[in-house]
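Architecture at a glance
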Amino acid sequence: MNDQLNRYLFADKHARGELVLLNQCFQTMIENHDYSQGVKQLLGELLTATSLLTATLKIEGEISVQLQGDGPVAYMAINSSMITATAENSLNSQHIRGIAKLTTHSDAVGLKNLIGEGNMVITIRPSNGEAYQGVVALEHDTLAECLCHYFEVSEQIPTKIWLFTDLEKNVSAGSLLQLLPDGDDKEQQLVDFEYLAQLTNTIKAEEIFTLPANELLYRLYHQEQVNLYEPQTITYRCGCSAEKCLNAIAQIEPSEIKSILAEQGKISMTCEYCKTEYNFDEQKLAPFIDRTRH
Ligand SMILES: [Zn+2]
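Since the model is a prediction, treat every value here as computed from it, not as a measurement. (Residues numbered from 1 in each chain as written. Predicted model: local features only at pLDDT ≥ 70, side-chain atom pairs only at ≥ 80, totals over all residues. Heavy atoms only, no water.)

1. Observations regarding the overall build of the protein chain
Scanning the protein chain from N- to C-terminus turns up 10 helices and 13 strands. With respect to the three principal axes, the spread of C-alpha positions in the protein chain is 75 × 45 × 35 Å. Counting the 294 residues in the protein chain, one finds 47% classified as buried. Taking all contacts inside the protein chain whose residues are at least 6 apart in sequence as the whole, residues at least 24 apart take part in 62%. (Helix = DSSP H or I, 4+ residues; strand = E, 2+ residues; numbered from the N terminus. Buried < 20%, exposed > 50% of the residue type's maximum accessible area, 1.4 Å probe, protein only. Contact = heavy atoms within 4.5 Å.)

2. Some words on the coordination of the zinc ion
Here the zinc ion is held by the protein donor atoms Cys238 (SG), Cys240 (SG), Cys271 (SG) and Cys274 (SG), which lie 2.2 to 2.3 Å from it. For the zinc ion, the four donor atoms are set out with angles of 101 to 116° between them, so the coordination reads as tetrahedral. Read N to C, the donor residues that coordinate the zinc ion are spaced as C-x1-C-x30-C-x2-C. Taken as a pair, Cys240 in the loop between strand 11 (232-236) and helix 8 (242-249) and Cys274 in the loop between strand 12 (267-270) and strand 13 (277-280) lie far apart in primary sequence, 34 residues in all. (Donors = N, O, S within 2.8 Å, 3.2 Å for Na, K, Ca; no water. Tetrahedral: all angles 85-135°; square planar, octahedral: opposite > 155°, others 65-115°.)

3. As for the packing of aromatic side chains
Within the structure shown, the criterion is met by four aromatic pairs. Both rings, one in Tyr150 and one in Phe151, keep their centres 5.6 Å apart while their planes meet at 70°; by these two values the pair is edge-to-face. Classification of Tyr150 as buried rests on a relative accessible area of 2%. Each residue in the set Tyr8, Phe10 and Tyr221 is aromatic and connected to the rest through ring pairs, giving one cluster. (Phe/Tyr/Trp six-rings, centres within 6.5 Å; stacked < 30°, edge-to-face > 60°.)

4. Quick word on the environment of Ala144
Within the secondary structure, Ala144 sits in helix 4 (residues 143-155). With a relative accessible area of 13%, Ala144 lands in the buried category. Spatially, the C-alpha atoms of Ala144 and Ile115 are 15 Å apart, while their sequence positions differ by 29 residues. Those residues in contact with Ala144, other than ones at most four positions away along the chain, are Ile161 and Leu163.

5. Considerations on the packing of helix 1 (residues 24-31) against helix 2 (residues 37-56)
Close contact between helix 1 and helix 2 brings their axes to 11 Å; oriented N to C, the two are set at 135°. If you check the angle between helix 1 and helix 2, you find them oblique. For helix 1 against helix 2, the interelement crossing comes out right-handed. Side by side, helix 1 and helix 2 meet where Cys25, Phe26, Met29 and Ile30 of the first sit next to Lys40, Leu43, Gly44 and Leu47 of the second. Here the contact of helix 1 with helix 2 is composed, by residue class, of six nonpolar, one polar and one charged. (Axes fitted to C-alpha atoms, helices over the stretch in contact; angles between N-to-C directions. Parallel < 35°, antiparallel > 145°, perpendicular 65-115°, else oblique. Left-handed = near helix turned anticlockwise from the far one by under 90°. Nonpolar A, V, L, I, M, F, W, Y, C, P; charged D, E, K, R; others polar.)

6. Concerning the side chain of Ser51
For Ser51, the location among the structural elements is in helix 2. Not counting residues within four places of it along the chain, the set of residues in contact with Ser51 comprises Leu5, Val20, Leu22, Gln94, Ile96 and Ile234.

7. A few points about the pairing of strand 3 (residues 61-69)
The pairing of strand 3 with strand 4 (residues 73-83) spans eight bridges and is antiparallel. Residue pairing for strand 4: Leu67 is matched across the bridge by Met76. The turn joining strand 3 and strand 4, which pair antiparallel and follow one another in sequence, is formed by three residues. With nine bridges connecting them, strand 3 and strand 6 (residues 118-126) associate as antiparallel partners. Opposite Ile63, over in strand 6, you have Ile124 as the bridge partner. (Pairing = 2+ DSSP bridges.)

8. Digging into the environment of Tyr221
In this fold, Tyr221 is placed in helix 7 (residues 213-221). Along the chain, Tyr221 and Phe10 lie 211 residues apart, while their C-alpha atoms are 9.4 Å from each other. Look past the residues within four positions of Tyr221 in its chain and what remains in contact with it is Tyr8, Phe10, Leu196, Leu199, Thr200 and Val226.

Below you can see the structure in the form of structure tokens.
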């Protein structure tokens, strides 16, 4: 099964939902890294959560969700871009990547033990428009609860999130339920929302990992009319390139470049996300060494 996100609307209730399943992306994100089980688990949850969050955006653009604190994980970040459908690709899609940086090796498990006292920083950069950033303290025990808290304080939209990760199958999945703030009877809407949340709460990990979206939706909400939209495909894409490395090298003093070349014969850069190594020899670096002469 491809990595995919499904969005749906409850026809008679003021609520919408999402289901996501990530296998290939999760696998690619962790394969070249020596992460502990605990880090993989939390990174998988953050990957899933970010993809759910990205699908709630109504704009094309980039989003990054970062966890940072005083624990053994210095930071953990997932970056994702929303790409709208084109003639070649009829489906909307997400490109996603992620990383965890540790200050010290740790076998700790769980948000609190890995991140410690800290924050979740959500940065949204629309393709057209101003970037904005939301910061919430990590005051709850799970990432799902912290995200719900974010929606509560920054967007004021009741939202529930469920996250599942299986490290044996390298699969990560999740669901989001969100109240649609329209209509008049706010009280009844909240009652309906709680009712749908209770139904969603019965999802079992095995079901979300194996069942096609329409079957799972029927299993959960068979008395509701659920309108399923076209799915979004999700692809792991790092976005690093030799060109971006050269842009960084352009910031280094020519004298420094010369001295690195004299010592090592090349400048070597490794992408911290995907571990791709980029090497630049004297010939490739000539424009950056000669620029003082102009
Ligand atoms: Zn990369």
